[in-house]
Amino acid sequence: MIKLRTWLASTNGRIFGAFLIAAALHLAGTLMIPGYSSPFAIRAMLVIASLLAVASIGQTLVVILGGIDLSIPFIIGFANVVAAQLYGDGWNFIVVCLLVSLMALAIGAFNGFVSRRLDIHPLIVTLGVGMVVQGCVLLWTAGFPSGSAPAAVSAFVSIGGSAGPLPVPWLVPSLVVLATLIILIMARSPYGRRLYALGSNPGAAPLALIDPVRMWTITFALSAFFAAVAGVLLLGFTGSAYGDVGQPYLFQTIAAVVVGGAALVGGRGNYLGTIAGVLVLTEINTLLIGLGFQPAAVQAALGLIIVALVSLYGRERHVRSTI
Amino acid sequence: MVSAITLHARNLVLRPGGQPLNQTIRPGEIVGLAGLDGHGQERFLEVLAGLHTPHAGEVRLERGGQQTVITSFRRAVDNGITYLPRDRRATGIFPTQSVLDNFAISTVGKDARFGILSFRNRRKRYEGFRERLSINAPRPDAPITTLSGGNQQKVLLARALALEPDMLLLNDPTRGVDVATRHVLYDVFRGLAREGMGLVVLSSEIEEILVLCNRVLVFRDFELAAEMSGDAMTTETVIAAMFGRAA
Amino acid sequence: MNTIRLANIRRSLGFGALLLVVLLAVNLYLNPARFHPAAWGTLIGLAAPLIGAALASTPVILSGRGGIDISVGPLMGFVNAIIIQTLFLKGGVESPFVIVPVALLVGAGIGAINGFLTTIVRIQPIVATLGTYLVLTGITLTIVPAPIGPAPQWIKAFAGPLSIIPLAVIFLAWWLIRRLPYYDLLMAIGSDDRAAYTAGVDVTRVRFAAYVITGVFAGMAGLMLTALIGSADPNIGQTYTLISIAAVALGGVSLAGGRGGLIGAAIGAIDIFLLQSVLTAFNVSTYVLQVAYGAILVAAVVLTAVQERANRRERNA
C-alpha cells in the first residue's frame, strides 16, 4: 500500500494519473454529450491539444530548470503577426519562418541570459520582455495586423485535413514525432541530464561542471522558439493574424505543465506529463463547453478543476520535511 | 592513469594584511588542512581549486615541466584537479536525480554516442566505482536520497574520480559518514596516493588527519600557523598550533 | 531614523525611487496643470487602484517561498461587481457602512481561500492563485456580463477630493502591522522559512495571514477601482494582475521574499502611473506605452541587479 502511494506521488505516478483522468473525462463526455466522440470532434480536440502541446514544450523545459516563462503568449502573438504580415507582403514563407525563428531564439536567449546572469526572477524578465515584444509588434502593424497564412500551413493544421491514410491533419503525427524527440532528448542527452540536475540543485551544478548561464540561455531560447512555432501554426489554424492570439496560452501552458506532474521549484517532471496535462485541459474545456457552460463559467470551472487536480497529486512538502 | 602533477602555492595571501604562504603539494602526498572553524583552511582549499581568488599570490600547476596558473575552477578541472565539496546536501547531490545520474553528471559527455547517452556505458562505469568504493545502492535507478549519508558521499567521490583527476582536493570528506565507511574511504585515499595522485584533505577531526596524512598545515586567522609532519605531528602539537600557541 | 535603516531603505528602493523623481520632474514640466494642488484629489484617484493593487500584492510576496497572488486583479473586479451589481443595483443597498465592510470581508474571504490552498493544501502559490484568478474572473463575468452602472453617489467622492483616504487607510493598517511581532515573523519566513521553522515560528499561520492581509488590501483596492470607474466592468480587473507585479518588482520588493515593503510597491506603481501620464501627454499610442512598461521594468530590475552586484563586490574586496 505504501509502495503504491509513493509511486503515485512520484512523477511517473502523476503522469499515469493525469492520463487516466483525461481518459475518464473523455468517457464522461462521450456518455453525457451526443457527438462527443464523433470523428470530427476527436480530430478537433487533437488539433487544439497539439497546438497547446507545442506551446508548452518551452514551459516544460523552463519549469524543470526552476524558472518560468511568461513571454510565451507574447512570442506566439509576435510570430503569428510577423509571419502573416511578411508573407502577405510577398516574402518567401520559408525565409519568413527562418527570420521569425531566429528572432524568437534571440529573444529567448536574452530572457535566459539576463535572468541567470544577473540573478533576476525570470517571471519579471520574461514578463517585461514579453510586453516589449508585443508592444513593438503592435506598433509595427499600427494595431491592424494583416496578411495571411500560406495554404500549406493551413492544410497542415486543418481539422479536416488528413495525413496520408490517417484521418488527422499532419500536425498530429508531426507532434507525436516531435514529442518523442523531446522526450528522448530530455531523458538521454547531456543537455537533458544537465537540465534536471540544474533544476534539482542549482547550488551543486557549477561544481558538477554545469554552466548555469549557458543552460538558462539555451533553454529559454528553445522556449521562445517553440512558442514561435505555435504562433505560426495558429496562423494556419485561424487564417489571419491576431496579436493577442497567444493570451490564453499564458496560464494554460503553466497549468498543463503542473497538471502533468512538474514541480515549479524545478528538477522534476517531463514532457510526457505535459502532454497528459494538455489532454486533461483540452478535455475539460471541450466537456464544459459541450455541457452548455458559458465561456465565463468554463473559465471558473477550469480554475476549480486545476486546483482540485493539483491538490490531489501536486502538493508541496511541509517546511519541516525540507530541513 | 594518474599522471604526476605538482601544485605550487606562491606567496598566497588569504586576507588583507595576512602573511603570505608558500606550499608545494607533490604527487603521492596526502596533505591535511586543519584549524579552528573559519580560520582560512577552507579558503586555502578553495583557492587551490580555483573557486576563490586569493587576495594576493597565485597557484601554479606543474605537469611534465609545463607550468599553468590556476585562475578558475574550470581551468583547474581541465588540468586534472578535482574538488569534493563539504556540504553534500547544499552543493553536492542532486536530490531528485538517481544514483546513476548523480554519479555521471560531471562526466556525462563520456557516455554520449551521437548526442544520445548510452545507459549501458554509464552503468558499466558506475559498476567499476561501485566495486572499488563498496557503494551500497541496491537500486541505482532510485533517487540518491534513498542512500545513507556515507553511500551518498561515496557516489560523490565516484563522480569526482570519474573525471580521472591527478590531484584531489577534499573538503571534509568524511563529515556525517559512519565509521565503517570512513575506513573504506581512508583505504581508497591511500590507494589513490600510492597510484601517484596528490591529495589535500581538509578535516575537522584531528585523529583523521593523524591517521591519514603525511603532513598537516594548520591555519590560524587565515595564515599558515604551522606545518608538521612525522613525529612532530601529534594531537597536542596540532591543537596548540590551532590555538596559536607553540607546543 | 538611524543611518542603517535609511541605507537599507535606499538600497531596497533602488531605481524605483530615482525613476520617480525623474518622471515627476518630466510630468511637472510637461503638464503643470495636471499636478496643480487643486487637482491632486483627482490625480490620486486615477492612480489609486493601481497603487492599491501593488500594495495588495506585496504581503504575500514578502512571505517568500514563491509566494505570489495573481488573483489580486480579478479580486478587485469581483469586489467591484459585487458592490455595484449585487448590492447596489439588485439589492438597493447604498450605505457605506455595509458596502465597505462587505468589500473588505470578501477580500479577506478570498485571501483566506488562497491562504488555505497555498499553506494547508500546499499547492504552489502561482498555481493556486491562478485557480482563484480563473474562478473569480468567471464569476465576475457571470454576475456582470457587460459594464453596468451607476455607482452610489458617495463612492465617487473617493475618486476625487477624498481619494487619498483609502490609500491612507491601507498605509495606516500596514504601519500598525509593522509594529506587531507578526511583521518580524513575516520577514523572517520570507528570508529563510526553514530557519524560521526551526526557531519555532508557525510558518503556516504567518503565511496564511499574509494571504488574508493581501485579500483585505485587494478588497480596498476594489473599492478604489469602483470609485474611479463609477460602474462595474467585468474585464478591467485582469489588467491589474501583471501590472501590479511589475510595479512591485520595480519598487525593489524581492520576488524571493524577505526584502522590500509597501513603500517600494507604491513607488513602483506611481512610476508606472507617471510613465502613463508622460506618454499620454505626448499623445503616444497605447502600444508605445506597452513597450515602455516592459522596457522600463526590465531596465529597472537589470540596473538594480547590476548595482547589487557592484555593492556586493566592493563589500567583499
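Computed from a prediction, not measured in an experiment: that's the story for all the values here.

Parameters at a glance
Residues numbered from 1 in each chain as written. Chains lettered and ligands numbered in written order. Predicted model: local features only at pLDDT ≥ 70, side-chain atom pairs only at ≥ 80, totals over all residues. Helix = DSSP H or I, 4+ residues; strand = E, 2+ residues; numbered from the N terminus. Rg over C-alpha atoms; globule rule 2.2 N^0.38 Å. Buried ≥ 20, exposed ≤ 12 C-beta atoms within 10 Å, placed from the backbone. Contact = placed C-beta atoms within 7 Å. Pairing = 2+ DSSP bridges. Axes fitted to C-alpha atoms, helices over the stretch in contact; angles between N-to-C directions. Core = buried A, V, L, I, M, F, W, Y, C linked by C-beta atoms within 7 Å. Domains from an automatic or database assignment. Nonpolar A, V, L, I, M, F, W, Y, C, P; charged D, E, K, R; others polar. Parallel < 35°, antiparallel > 145°, perpendicular 65-115°, else oblique. Left-handed = near helix turned anticlockwise from the far one by under 90°. pLDDT = per-residue confidence, 0-100. Expected span 1.5 Å × (residues − 1).

Time to look at the overall build of chain A. Within chain A one finds 13 helices and zero strands. When the helices and strands of chain A are listed from N to C terminus, the series reads α-α-α-α-α-α-α-α-α-α-α-α-α. For a compact globule of 323 residues, the expected C-alpha radius of gyration is about 20 Å, and chain A comes in at 20 Å, within 12% of that figure. Summarising its shape, the C-alpha atoms of chain A cover approximately 60 × 50 × 40 Å along the three principal directions. Burial status across chain A gives 57% buried among its 323 residues. For chain A, the share of sequence-separated contacts (at least 6 apart) that also reach a separation of at least 24 residues comes to 76%.

Each helix and strand counted, chain C has 13 helices and zero strands in total. The C-alpha radius of gyration computed for chain C amounts to 19 Å, which stays within 12% of the reference 20 Å derived for 317 residues, consistent with globular compactness. Projected onto its principal axes, the C-alpha positions of chain C cover 65 × 50 × 35 Å. By the burial criterion, 54% of the 317 residues in chain C qualify as buried. Sequence separation of 24 or more characterises 81% of the internal contacts of chain C that already satisfy a separation of 6 or more.

Residues and elements named next belong to chain B. Reading across the sheet, the four strands line up as β2-β1-β4-β5 and stay open at both edges, with antiparallel pairing between neighbours. For this open sheet the edge positions go to β2 (21-25) and β5 (66-69), each flanked by a neighbour on one side alone. For this sheet the average axis-to-axis angle between neighbouring strands, irrespective of direction, equals 15°. Strand direction decides the pairing type here: strand β1 (residues 6-13) and strand β4 (residues 56-63), joined by six bridges, are antiparallel. Paired with Val13 across the strands is Ala56, a residue of β4.

Counting contacts across all two pairs of chains that touch, the top-ranked interface belongs to chains A and C. Spatially, chain B is disjoint from chain C: no contact exists, and the shortest C-alpha separation is 9 Å.

Ranked by internal contacts, the top residues of the largest apolar core, which has 295 residues, are Ile75(A), Leu50(C) and Ala246(C). Residues lining this core come from more than one domain, with at least three contributed by each of domain 1 (1-80 + 165-247) and domain 2 (93-164) of chain B. With residues near it in sequence (within four places) discarded, Ile75(A) still touches Ala104(A), Ile107(A), Val133(A), Ala224(A), Ala227(A), Ala228(A) and Gly231(A).

Listed per partner, the contact involves 16 residues of chain A and 20 residues of chain B. Among the elements that take part in the side of chain A that touches chain B, helix α9 (residues 190-200) of chain A stands out by supplying six residues, more than any other. Residues that form the side of chain A that touches chain B fall into these classes: seven nonpolar, five polar and four charged.

Look at helix α13 (residues 295-313) of chain A against helix α5 (residues 125-143) of chain C: their axes get within 7 Å of each other, and the N-to-C directions meet at 155°. For the element pair α13(A) / α5(C), the angle class is roughly antiparallel. Two packed elements cross with a definite hand, and for α13(A) against α5(C) that hand is left-handed. A per-class count over the contact of α13(A) with α5(C) returns 16 nonpolar, seven polar and no charged.

Further remarks concern unusual backbone geometry. Of note in the backbone geometry, Asn11(B) takes a positive phi value of approximately 50° without being a glycine. Inspection of the secondary structure assignment puts Asn11(B) in strand β1. Despite not being glycine, Arg65(C) shows a phi value in the positive range, around 55°. Take Arg65(C): it is sitting in the loop between α2 (40-62) and α3 (72-90). With 22 C-beta atoms counted inside 10 Å, the residue Arg65(C) sits in the buried group.

A separate point is the confidence of the model for chain C. Residues and elements named next belong to chain C. On average, residues of chain C score 87 in pLDDT, and 95% of them are at 70 or above. No element of chain C has a lower mean pLDDT than helix α1 (residues 3-30), at 76, and none a higher one than helix α10 (residues 203-229), at 95. Both scores are given for the predicted complex: the pTM is 0.90, the ipTM 0.92.

Tallying the contact residues gives 45 residues for chain A and 42 residues for chain C. Secondary structure elements with two or more residues in the side of chain A that touches chain C: α6 (122-140), α11 (249-259) and α13 of chain A. In terms of residue count, α6(A) provides more of the side of chain A that touches chain C than any other element does, 14 residues in total. Of the residues in the side of chain A that touches chain C, the class split is 28 nonpolar, 13 polar and four charged.

Further remarks concern the sheet that holds strand β10 (residues 198-202) of chain B. Residues and elements named next belong to chain B. Spatially, six strands are ordered β6-β9-β10-β3-β11-β12 in an open sheet, and the strand pairing comes out mixed. In this open sheet, the two edge strands, each paired with only one partner strand, are β6 (81-84) and β12 (223-229). Ignoring strand direction, the axes of neighbouring strands in this sheet form an average angle of 20°. Inspection of the sheet shows strand β9 (residues 167-171) paired to β10 by five bridges, in the parallel sense. Across the sheet, Asn171 pairs through a bridge with Leu202, a residue of β10.

As a further point, take the packing of helix α8 (residues 171-188) of chain A against helix α12 (residues 271-290) of chain A. Residues and elements named next belong to chain A. In contact at an axis separation of 9 Å, α8 and α12 are set at 140° when each is read in the N-to-C sense. By the angle between their directions, the pair α8 and α12 is classed as oblique. Where α8 approaches α12, its residues Ala179, Ile182, Ile183 and Met186 are matched on the opposing element by Tyr271, Leu272 and Ile275. For the contact of α8 with α12, the per-class residue count stands at seven nonpolar, no polar and no charged.

Here we come to α13(A). Here α13(A) contains 19 residues, and its C-alpha end-to-end distance of 27 Å stays within 8% of the 27 Å for a straight helix at 1.5 Å per residue. Buried within α13(A) we find Gln299(A), Ala300(A), Leu302(A), Gly303(A), Ile305(A), Ile306(A), Val307(A), Leu309(A) and Val310(A). Where α13(A) is buried, its residues meet α2 (11-32), α11 and α12 of chain A together with α4 (96-120) and α5 of chain C.

Here the focus is the pairing of β10(B). Residues and elements named next belong to chain B. For β10, a buried count of five out of five residues is recorded, marking the element as mostly surrounded by other parts of the structure. The two faces of β10 match: Gly198, Val200 and Leu202 on one face and Leu199 and Val201 on the other face are all buried. Here strand β3 (residues 30-35) pairs with β10 via four bridges, running parallel. Opposite Leu33, over in β10, you have Leu202 as the bridge partner.

Residue and element names in this part refer to chain A. Turning to its location among the elements, Val100 is positioned in helix α5 (residues 93-117). Look at Val100 and you get buried, because 23 C-beta atoms sit within 10 Å. Val100 sits 17 residues away from Arg117 along the chain, and the two C-alpha atoms are 25 Å apart. Not counting the four nearest positions on each side in its chain, Val100 is found in contact with Ala79, Val82, Ala83, Ala228 and Val232.

What follows is about α9(A). A large share of α9(A) lies buried, amounting to ten of its eleven residues. Next to the buried residues of α9(A) lie α3 (39-65), α8 and α10 (212-238) of chain A together with α4 (99-104), β7 (112-113) and β8 (116-117) of chain B.

Let us now look at the environment of Leu87(C). Relative to the elements of secondary structure, Leu87(C) occurs in helix α3. Leu87(C) sits in the partly exposed class, given 19 other C-beta atoms within 10 Å.

Within the secondary structure, Ala180(B) sits in helix α7 (residues 179-194). On a C-alpha basis, the gap between Ala180(B) and Val69(B) in space is 39 Å, while along the polypeptide they are 111 residues apart.

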